[in-house]
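What follows is the residue order along each chain.
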Amino acid sequence: QDQQNQDQQNQDQQNQDQQNQDEQQQDEQNRDEQQQNQDEQQQDQSQDEQQQDQQNQDQQQQQDEQQQDQQQQQDQQNQDEQQQDQQQQNQDEQQQDQNQDEQQQQDQQNQDEQQQDQQQQNQDDQQQPQRQQPQQDRHAGEQGDPSDEQPNGHSGMPTAEEGEQPQSMTQEEAEKMLQAVRDRDLKRRYEKLRKTQRYYQPVDRDW
(Lines give C-alpha, C1' and ligand atoms only; values in the text may rest on other atoms or scores of the structure.)
Protein backbone atom coordinates (compact mmCIF):
# COMPACT_ATOMS: atom_id res chain seq x y z
CA GLN A 1 0.00 0.00 0.00
CA ASP A 2 2.79 2.36 0.83
CA GLN A 3 4.43 1.58 -2.42
CA GLN A 4 1.31 2.47 -4.31
CA ASN A 5 0.99 5.68 -2.41
CA GLN A 6 4.54 6.48 -3.18
CA ASP A 7 4.05 5.76 -6.84
CA GLN A 8 0.91 7.86 -6.87
CA GLN A 9 2.76 10.76 -5.35
CA ASN A 10 5.56 10.40 -7.83
CA GLN A 11 3.05 10.35 -10.60
CA ASP A 12 1.35 13.44 -9.29
CA GLN A 13 4.66 15.16 -8.94
CA GLN A 14 5.55 14.36 -12.49
CA ASN A 15 2.20 15.60 -13.68
CA GLN A 16 2.68 18.79 -11.74
CA ASP A 17 6.13 19.25 -13.13
CA GLN A 18 4.88 18.62 -16.61
CA GLN A 19 2.08 21.10 -16.09
CA ASN A 20 4.50 23.68 -14.78
CA GLN A 21 6.77 23.07 -17.70
CA ASP A 22 3.89 23.46 -20.13
CA GLU A 23 2.88 26.67 -18.45
CA GLN A 24 6.40 27.98 -18.69
CA GLN A 25 6.56 27.08 -22.33
CA GLN A 26 3.22 28.79 -22.89
CA ASP A 27 4.44 31.90 -21.07
CA GLU A 28 7.59 31.95 -23.13
CA GLN A 29 5.58 31.53 -26.29
CA ASN A 30 3.30 34.35 -25.23
CA ARG A 31 6.26 36.57 -24.50
CA ASP A 32 7.74 35.74 -27.86
CA GLU A 33 4.50 36.63 -29.59
CA GLN A 34 4.31 39.89 -27.68
CA GLN A 35 7.84 40.71 -28.59
CA GLN A 36 7.15 39.89 -32.21
CA ASN A 37 4.08 42.09 -32.16
CA GLN A 38 6.06 44.92 -30.66
CA ASP A 39 8.74 44.48 -33.29
CA GLU A 40 6.12 44.55 -36.02
CA GLN A 41 4.56 47.65 -34.55
CA GLN A 42 7.92 49.37 -34.39
CA GLN A 43 8.63 48.35 -37.93
CA ASP A 44 5.28 49.71 -39.08
CA GLN A 45 5.91 52.92 -37.19
CA SER A 46 9.31 53.26 -38.78
CA GLN A 47 7.81 52.74 -42.21
CA ASP A 48 5.18 55.37 -41.47
CA GLU A 49 7.84 57.81 -40.37
CA GLN A 50 9.84 57.14 -43.50
CA GLN A 51 6.78 57.72 -45.65
CA GLN A 52 6.06 60.94 -43.80
CA ASP A 53 9.63 62.08 -44.28
CA GLN A 54 9.43 61.28 -47.97
CA GLN A 55 6.19 63.24 -48.29
CA ASN A 56 7.75 66.18 -46.51
CA GLN A 57 10.74 66.07 -48.83
CA ASP A 58 8.47 65.92 -51.87
CA GLN A 59 6.45 68.88 -50.63
CA GLN A 60 9.58 70.89 -49.92
CA GLN A 61 10.92 70.09 -53.36
CA GLN A 62 7.67 71.19 -54.98
CA GLN A 63 7.71 74.43 -53.01
CA ASP A 64 11.30 75.07 -54.03
CA GLU A 65 10.48 74.44 -57.68
CA GLN A 66 7.46 76.74 -57.49
CA GLN A 67 9.54 79.48 -55.90
CA GLN A 68 12.21 79.04 -58.54
CA ASP A 69 9.61 79.25 -61.32
CA GLN A 70 8.09 82.38 -59.77
CA GLN A 71 11.51 83.97 -59.48
CA GLN A 72 12.27 83.18 -63.11
CA GLN A 73 8.93 84.64 -64.19
CA GLN A 74 9.58 87.77 -62.15
CA ASP A 75 13.06 88.13 -63.63
CA GLN A 76 11.68 87.70 -67.14
CA GLN A 77 8.97 90.25 -66.46
CA ASN A 78 11.51 92.73 -65.14
CA GLN A 79 13.70 92.15 -68.17
CA ASP A 80 10.74 92.70 -70.51
CA GLU A 81 9.83 95.92 -68.72
CA GLN A 82 13.40 97.15 -68.98
CA GLN A 83 13.42 96.39 -72.70
CA GLN A 84 10.12 98.24 -73.14
CA ASP A 85 11.47 101.20 -71.20
CA GLN A 86 14.61 101.21 -73.33
CA GLN A 87 12.58 101.03 -76.53
CA GLN A 88 10.33 103.86 -75.35
CA GLN A 89 13.36 105.92 -74.42
CA ASN A 90 14.88 105.31 -77.85
CA GLN A 91 11.61 106.33 -79.51
CA ASP A 92 11.47 109.48 -77.41
CA GLU A 93 15.05 110.33 -78.31
CA GLN A 94 14.34 109.74 -81.99
CA GLN A 95 11.22 111.91 -81.81
CA GLN A 96 13.16 114.60 -79.99
CA ASP A 97 15.94 114.49 -82.59
CA GLN A 98 13.37 114.65 -85.35
CA ASN A 99 11.68 117.64 -83.73
CA GLN A 100 15.03 119.34 -83.30
CA ASP A 101 15.91 118.70 -86.94
CA GLU A 102 12.56 120.10 -88.07
CA GLN A 103 13.01 123.12 -85.82
CA GLN A 104 16.51 123.68 -87.16
CA GLN A 105 15.25 123.41 -90.72
CA GLN A 106 12.44 125.84 -89.97
CA ASP A 107 14.85 128.25 -88.29
CA GLN A 108 17.26 127.98 -91.21
CA GLN A 109 14.40 128.57 -93.62
CA ASN A 110 13.25 131.62 -91.66
CA GLN A 111 16.81 132.88 -91.54
CA ASP A 112 17.18 132.45 -95.28
CA GLU A 113 13.93 134.31 -95.86
CA GLN A 114 15.04 137.09 -93.55
CA GLN A 115 18.31 137.34 -95.46
CA GLN A 116 16.39 137.48 -98.73
CA ASP A 117 14.13 140.18 -97.32
CA GLN A 118 17.15 142.11 -96.10
CA GLN A 119 18.80 141.82 -99.49
CA GLN A 120 15.59 142.95 -101.20
CA GLN A 121 15.31 145.86 -98.82
CA ASN A 122 18.93 146.83 -99.47
CA GLN A 123 18.34 146.67 -103.20
CA ASP A 124 15.21 148.82 -102.84
CA ASP A 125 17.09 151.30 -100.67
CA GLN A 126 19.86 151.49 -103.30
CA GLN A 127 17.38 151.95 -106.15
CA GLN A 128 15.40 154.67 -104.37
CA PRO A 129 18.05 157.44 -104.55
CA GLN A 130 18.82 156.41 -108.14
CA ARG A 131 15.16 156.98 -109.01
CA GLN A 132 15.03 160.29 -107.17
CA GLN A 133 18.19 161.67 -108.87
CA PRO A 134 16.80 161.72 -112.45
CA GLN A 135 13.64 163.37 -111.16
CA GLN A 136 15.61 166.15 -109.48
CA ASP A 137 17.72 166.63 -112.61
CA ARG A 138 14.61 166.81 -114.77
CA HIS A 139 12.97 169.39 -112.52
CA ALA A 140 16.12 171.53 -112.58
CA GLY A 141 16.26 171.33 -116.40
CA GLU A 142 12.62 172.24 -116.78
CA GLN A 143 13.00 175.33 -114.61
CA GLY A 144 16.16 176.60 -116.45
CA ASP A 145 15.09 175.88 -120.06
CA PRO A 146 13.19 178.89 -121.59
CA SER A 147 12.23 176.94 -124.68
CA ASP A 148 9.55 175.07 -122.68
CA GLU A 149 7.47 178.22 -122.15
CA GLN A 150 4.03 178.14 -123.72
CA PRO A 151 2.85 180.88 -126.17
CA ASN A 152 -0.22 181.60 -124.05
CA GLY A 153 1.98 183.20 -121.37
CA HIS A 154 1.82 180.39 -118.74
CA SER A 155 4.88 179.22 -116.80
CA GLY A 156 7.25 176.54 -118.11
CA MET A 157 5.47 173.60 -116.40
CA PRO A 158 4.63 170.81 -118.84
CA THR A 159 1.06 169.83 -119.47
CA ALA A 160 -0.52 166.84 -117.78
CA GLU A 161 -0.12 164.58 -120.79
CA GLU A 162 3.45 165.63 -121.43
CA GLY A 163 4.51 165.44 -117.73
CA GLU A 164 3.04 162.05 -116.71
CA GLN A 165 5.03 160.00 -119.19
CA PRO A 166 8.64 160.99 -118.37
CA GLN A 167 8.03 161.74 -114.67
CA SER A 168 9.68 159.27 -112.20
CA MET A 169 7.94 158.11 -109.03
CA THR A 170 8.12 160.32 -105.98
CA GLN A 171 9.60 159.32 -102.65
CA GLU A 172 6.15 158.57 -101.26
CA GLU A 173 5.36 156.28 -104.19
CA ALA A 174 8.70 154.51 -103.78
CA GLU A 175 8.01 153.97 -100.09
CA LYS A 176 4.55 152.61 -100.89
CA MET A 177 6.02 150.22 -103.44
CA LEU A 178 8.69 149.07 -100.98
CA GLN A 179 6.05 148.53 -98.30
CA ALA A 180 3.95 146.51 -100.75
CA VAL A 181 6.95 144.29 -101.52
CA ARG A 182 7.56 143.76 -97.82
CA ASP A 183 3.89 142.99 -97.17
CA ARG A 184 3.88 140.49 -100.02
CA ASP A 185 7.01 138.73 -98.71
CA LEU A 186 5.59 138.68 -95.17
CA LYS A 187 2.33 137.21 -96.41
CA ARG A 188 4.25 134.58 -98.38
CA ARG A 189 6.23 133.62 -95.25
CA TYR A 190 3.07 133.32 -93.18
CA GLU A 191 1.42 131.15 -95.82
CA LYS A 192 4.47 128.92 -95.96
CA LEU A 193 4.59 128.59 -92.17
CA ARG A 194 0.87 127.83 -92.02
CA LYS A 195 1.24 125.09 -94.63
CA THR A 196 4.16 123.59 -92.72
CA GLN A 197 2.20 123.57 -89.47
CA ARG A 198 -0.80 122.06 -91.25
CA TYR A 199 1.18 119.00 -92.34
CA TYR A 200 2.87 118.63 -88.95
CA GLN A 201 1.15 115.95 -86.87
CA PRO A 202 2.16 115.86 -83.20
CA VAL A 203 2.77 112.38 -81.73
CA ASP A 204 1.05 111.57 -78.45
CA ARG A 205 2.99 109.64 -75.86
CA ASP A 206 1.59 106.16 -75.21
CA TRP A 207 2.53 105.72 -71.59
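Within each chain, residue numbers correspond to sequence positions counted from 1 in written order. In keeping with the predicted nature of the model, local features appear solely for residues at pLDDT of at least 70, side-chain atom pairs appear and are counted solely at 80 or more, and the whole-chain, interface and lining totals rest on all residues. Side-chain metrics rest on all non-hydrogen atoms present in the structure, leaving aside hydrogens and water.

Engineer: Would you explain the overall build of the protein in this entry?
Structural biologist: Scanning the protein from N- to C-terminus turns up three helices and zero strands. If you list the helices and strands of the protein from N to C, you get α-α-α. Throughout, exposure labels follow a simple rule: accessible area from a 1.4 Å probe, protein chains only, divided by the maximum for the residue type, with under 20% read as buried, over 50% as exposed, and the rest as partly exposed. Put simply, the protein has 207 residues, and 6% of those count as buried. Taking the contacts inside the protein whose residues are at least 6 apart along the sequence as the reference set, 86% of them involve residues at least 24 apart. As displayed, the protein offers around 18500 Å² of accessible surface, 37% of which is attributable to carbon and sulfur atoms. Only runs of H or I of at least four residues qualify as helices and only runs of E of at least two qualify as strands under DSSP, and these elements are numbered from the N terminus. Contact between two residues is taken to exist if any of their heavy atoms lie within 4.5 Å; hydrogens are not considered. Using the Shrake-Rupley algorithm and a 1.4 Å probe, accessible areas are obtained, with residue cover drawn only from the displayed protein chains.

Engineer: Explanation requested: a negative patch on the surface in the structure shown.
Structural biologist: A patch consists of residues whose relative accessible area exceeds 30% and which take part in no salt bridge; residues with like charges are grouped when within 9 Å of each other, and nonpolar side chains (Val, Leu, Ile, Met, Phe, Trp, Tyr) when within 5 Å. When a carboxyl oxygen of Asp or Glu lies within 4 Å of a side-chain nitrogen of Lys or Arg, that pair is called a salt bridge. The charged-residue count follows a simple rule in which Lys and Arg add positive charge and Asp and Glu add negative charge, with His and chain termini not counted at all. Throughout, a charge is located at the NZ atom of Lys, the CZ atom of Arg, the CG atom of Asp or the CD atom of Glu. A contiguous patch of negative charge on the surface is contributed by Asp22, Glu23, Asp27, Glu28, Asp32 and Glu33. On the secondary structure map, Asp27 appears in helix 1 (residues 2-144).

Engineer: Would you take a moment to explain the pattern of salt bridges for this structure?
Structural biologist: Proximity of charged atoms lets side chains of opposite charge pair with each other. Taken as a whole and assessed by the stated rule, the structure comprises five salt bridges. Note that Glu113 and Arg189 form a salt bridge whose closest N and O atoms lie 4.0 Å from each other. Of this pair, Glu113 sits in helix 1 while Arg189 sits in helix 3 (residues 171-199), and the two are 76 residues apart along the sequence. A salt bridge links Arg189 to Asp117; the shortest N-O distance between them is 2.0 Å. Of this pair, Arg189 sits in helix 3 while Asp117 sits in helix 1, placing them 72 residues apart in sequence. Via salt bridges that share partners, Glu113, Asp117, Arg189 and Lys192 belong to a single interconnected network.

Engineer: Could you clarify how one ought to interpret the side chain of Gln106 in this entry?
Structural biologist: Its place among the elements puts Gln106 in helix 1. Gln106 has contacts with Leu193 and Thr196, leaving out every residue within four places of it along the chain.

The analysis is restricted to geometry; functional conclusions fall outside its scope.
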